[in-house]
Every structure is written in structure tokens, then in C-alpha cells.
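# Report on the structure
Here is what each chain is made of, one letter per residue.
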Amino acid sequence: QVQVVESGGGSVQAGGSLRLSCAASGFTFSSYIMSWYRQAPGKDRELVAAIPTGGGSTRYADSVKGRFTISRDNAKKMVYLQMNSLKPVDTAVYFCNAHHVILVAEYWGQGTQVIVSS
């Protein structure tokens, strides 16, 4: 069975850090682009960061550039999002996404809540 499970969310004060983890199983992880999305209350889901299959050129939303870092470990089938200098506007549910370009297959995790207080 396909599983995409996020963890590491929680509550922090502005300026703090969190590291989100995404554990994947049940599919060929190394063939999928991995991304982190987030959705704040009343807001659209937005792409936060994406990392190619080989972990090369990463992409980030302008709002998180310089603060967040996405990484992946294909051997462990894990994706991480290191979030530093957190701001209240980062408060959202963060979702891990796996996307296969050729197969047009997509898997989502259940989300993990991040709350940043000031």
C-alpha cells in the first residue's frame, strides 16, 4: 500500500525552527518528484518547495527562499523540510507530495500542522 506520512510539525515562536519529515513507501520513491505544500486557513494550497528525483535543482516559493531547505534521501525514502526563521505567516498544514511526471501519478500525505506564534 502506498503511504506518505508527514511528521515533525508543532508549535514554535517566531524566529524558531522546525524540521518536517516525510516517509514514503509502496512506490518507487526515487522516480518521483517530491514537494512540500502548505495550506493556511482560508487560503489556497501553495507549493513551498520541490526537489527532483535525483535531489538536484530545488525550487522554493519566494516567500520561503533563504529560510527553508528541502532535501531527500532516496535510500531511506525520506523527504525533509528544514524551516528556519519561521514567521507567523508560515502557519499552515504542511503536506508532502509525490509526483511522477510520466505516469501522472500523485500521492499526498495527511498533513502536519505548523503553528508559528509571535
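If you're wondering where the values come from, they're calculated on a predicted model, not measured in any experiment. The residue numbering used here restarts from 1 in each chain and proceeds along that chain's sequence as written. Totals for whole chains, interfaces and linings use every residue, but because this is a predicted model, local features are given only for residues with pLDDT of at least 70 and side-chain atom pairs only at 80 or more, for both listing and counting. Each side-chain value is worked out from all heavy atoms of the structure, with water and hydrogens disregarded.

### Notes on the side chain of R38
Going along the chain from the N terminus, every DSSP run of H or I of four or more residues is numbered as a helix, and every run of E of two or more is numbered as a strand. Along the polypeptide, R38 turns up in strand β4 (residues 33-39). Since its relative accessible area comes to 4%, R38 is described here as buried. Separated by 3.4 Å, the side chains of R38 and S63 make a polar contact. N or O atoms within 3.5 Å of each other form a polar contact, as long as, within protein, one can give a hydrogen and the other can take it, and as long as residues adjacent in sequence are counted only when both atoms are side-chain atoms. Within polar-contact distance, the side chain of R38 engages the side chain of Y94 at 2.9 Å. If near-sequence neighbours (up to four positions away) are discounted, R38 is found in contact with D44, R45, E46, V48, S63, V64, F68, V89, D90, A92, V93 and Y94. Throughout this description, buried means an accessible area under 20% of the type-specific maximum (1.4 Å probe, protein chains only), exposed means over 50%, and partly exposed covers the range between. For this analysis, residues touch if any pair of their heavy atoms sits within 4.5 Å.

### A look at the pairing of strand β3 (residues 18-25)
Regular strands show a simple pattern: their side chains alternate between the two faces of the sheet. In the sheet, strand β1 (residues 3-7) pairs with β3 via 5 bridges, with the strands oriented antiparallel. Looking at the pairing, S7 lines up with S21 of β3. Any two strands with at least two DSSP bridges between them are considered paired. Sheet topology places β3 next to strand β8 (residues 78-83); 6 bridges connect them, and they run antiparallel. Each bridged residue has a counterpart across the sheet, and for L20 the counterpart in β8 is L81.

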